[in-house]
Amino acid sequence: MTAAESAETGELPKTKPYGIAADLYDWFDNIFYGLLILAFLFVLVTRTTSVDGTSMVPTLEDKQLLLVWDAGYEPAYNDIVVVWSDTLPNDKDGAGKAIVKRVIGLPGDTINIDYWAGTVKRNGEVLNITSRDGVLYEDGHMINDFTRTDEGQGGDFTVPENCLFVMGDNRNGSTDSRSRLIGFIDKRYVVGKAYFRLYPFDKLGGLYD
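This write-up is about the structure you can find in this document. (Residues numbered from 1 in each chain as written. Predicted model: local features only at pLDDT ≥ 70, side-chain atom pairs only at ≥ 80, totals over all residues. Heavy atoms only, no water.)

### Description of the overall build of the protein
Line of reasoning, step 1. Looking only at helices and strands, the protein has two helices and 15 strands in total.
Line of reasoning, step 2. Considering the protein as a whole, with its 209 residues, one finds that 36% of them fall into the buried category. (Helix = DSSP H or I, 4+ residues; strand = E, 2+ residues; numbered from the N terminus. Buried < 20%, exposed > 50% of the residue type's maximum accessible area, 1.4 Å probe, protein only.)

Encoded structure:
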């Protein structure tokens with residue numbers, strides 16, 4: 001019954017029975033389906049991984065938990081990526097583990113590391129190093145120190161087609177594309193881009209400024 005009809009008849013308009021309960025039901029129903037959609041998207045396009053070791057210090061530390069985006073991901077310079085290495089030993093069945101590194105070179109790039117100067121060149125240009133508040137930054141992201149350690153392959157590294165050259169931010173404590181043990185990373189072995197730190201909670205947040 002409308003308000004106009006009520007005025008003509010003198011009757012009070014009928015209210016929806018159990019109005020509060022129905023509203024609460026609708027609210028919880030919307031919340032439930034919203035969470036269901038988020039969970040579905042989470043399973044399809046993102047996953048979690050934990051940092052194993054100190055190769056990404058000072059950016060990331062051992063045991064930190066990360067969110068990783070993999071749907072339609074195309075690697076770019078300075079991305080933090082999770083990649084699969086068949087050659088590194090693990091604690092379970094002997095060989096093969098996921099590692100977290102930073103993209104330094106893309107297909108066709110030439111990477112040169114001057115271990116005396118501690119610098120990295122990409123296609124002939126030195127990746128700029130600055131210092132802020134006692135922390136070193138290379139090409140805009142933190143590194144632990146100048147790159148002094150030769151992991152076994154000197155000279156130039158020309159990145160093959162469909163491959164990446166990756167390094168850890170802990171430049172003198174990282175096994176990465178400089179090492180014959182890992183070498184260039186086939187893009188098929190890229191799990192995804194790490195973009196958010198879930199744990200520890202005091203460092204919760206995105207990984208890029």
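The structure having been displayed, the exposition proceeds.
### Brief notes about the sheet that holds strand β5 (residues 110-114)
Whenever strands of a sheet pair, they do so through backbone hydrogen bonds, lying parallel or antiparallel.
Line of reasoning, step 1. In space, the four strands of this open sheet follow the order β7-β6-β5-β11, with antiparallel pairing throughout. The open sheet has two edge strands with one neighbour each: β7 (125-126) and β11 (156-158).
Line of reasoning, step 2. As defined by bridge partners, strand β6 (residues 119-122) adjoins β7 across two bridges and the pair is classed as antiparallel. Bridge pairing in β7 links Lys121 to Val126. (Pairing = 2+ DSSP bridges.)

### Observations concerning the nonpolar core
Line of reasoning, step 1. Of all hydrophobic cores here, the largest spans 12 residues; its members are Tyr73, Val81, Val83, Leu88, Ile99, Val103, Leu106, Leu164, Val166, Ile182, Ile185 and Val190.
Line of reasoning, step 2. Every element with two or more residues in this core is listed here: β3 (80-89), β4 (95-105) and β12 (163-167).
Line of reasoning, step 3. Excluding residues that lie within four positions of it along the chain, Val103 makes contacts with Pro75, Ala76, Tyr77, Asn78, Asp79, Val81, Leu164, Phe165 and Val166.
Line of reasoning, step 4. By size, the runner-up hydrophobic cluster in this structure holds 11 residues, among which are Ile104, Ile111, Val120 and Val159. (Core = buried A, V, L, I, M, F, W, Y, C linked by side-chain atoms within 4.5 Å. Contact = heavy atoms within 4.5 Å.)

### Notes on the pattern of salt bridges
Line of reasoning, step 1. For the structure on display, the rule yields 10 salt bridges.
Line of reasoning, step 2. Here Arg47 and Asp70 are joined by a salt bridge, their closest N and O atoms 2.7 Å apart. With Arg47 in strand β1 (residues 46-50) and Asp70 in the loop between β2 (65-69) and β3, this pair connects stretches of sequence that are 23 residues apart.
Line of reasoning, step 3. A salt bridge links Arg171 to Glu138; the shortest N-O distance between them is 2.6 Å. In this pair, Arg171 sits in the loop between β12 and β13 (185-186) while Glu138 sits in strand β9 (residues 135-138), placing the two residues 33 residues apart along the sequence.
Line of reasoning, step 4. Since its relative accessible area comes to 0%, Arg171 is described here as buried.
Line of reasoning, step 5. Given a relative accessible area of 0%, Glu138 falls into the buried group. (Salt bridge = Lys/Arg side-chain N within 4 Å of Asp/Glu carboxyl O.)

### Observations concerning the packing of aromatic side chains
Line of reasoning, step 1. The tally for this structure, following the rule as stated, stands at four aromatic pairs.
Line of reasoning, step 2. Residues Phe157 and Phe165 carry aromatic rings whose centres are separated by 5.0 Å and whose planes lie at 50° to one another, so their mutual orientation is tilted.
Line of reasoning, step 3. On the basis of relative accessibility, which here comes to 4%, the residue Phe157 falls in the buried class.
Line of reasoning, step 4. On the numbers, 5.4 Å between centres and 90° between planes, the contact of Tyr199 with Phe201 is edge-to-face.
Line of reasoning, step 5. In this structure Tyr199 comes out as partly exposed when scored by relative accessible area, which is 41%.
Line of reasoning, step 6. Taken together, the aromatic side chains of Phe157, Phe165 and Phe184 make up a single cluster linked through ring pairs. (Phe/Tyr/Trp six-rings, centres within 6.5 Å; stacked < 30°, edge-to-face > 60°.)

### Observations regarding the pairing of strand β8 (residues 129-132)
Consecutive side chains of a regular strand alternate in pointing toward one face of the sheet and then the other.
Line of reasoning, step 1. Bridge count for β8 against β9 is four bridges, and the pairing is antiparallel. What sits directly across from Ile129, in β9, is Glu138.

### Overview of the environment of Ile113
Line of reasoning, step 1. By the secondary structure assignment, Ile113 is in strand β5.
Line of reasoning, step 2. The exposure class assigned to Ile113 is buried, which follows from its relative accessible area of 5%.
Line of reasoning, step 3. C-alpha of Ile113 to C-alpha of Asp156: the two residues are 43 residues apart in sequence and 7.3 Å apart in space.

### Some words on the pairing of β5
Line of reasoning, step 1. Burial along β5 is one-sided: Ile111 and Ile113 are buried, and none of Thr110, Asn112 and Asp114, which face the opposite way, are.
Line of reasoning, step 2. With three bridges joining them, β5 and β11 adopt antiparallel strand pairing. Note on β11: the bridge partner recorded for Ile111 is Phe157.
Line of reasoning, step 3. Where β5 meets β6, four bridges bridge the pair, whose relative direction is antiparallel. Across the sheet, Asn112 pairs through a bridge with Lys121, a residue of β6.

Spatial relationships are all this shows, so hold off on functional conclusions.
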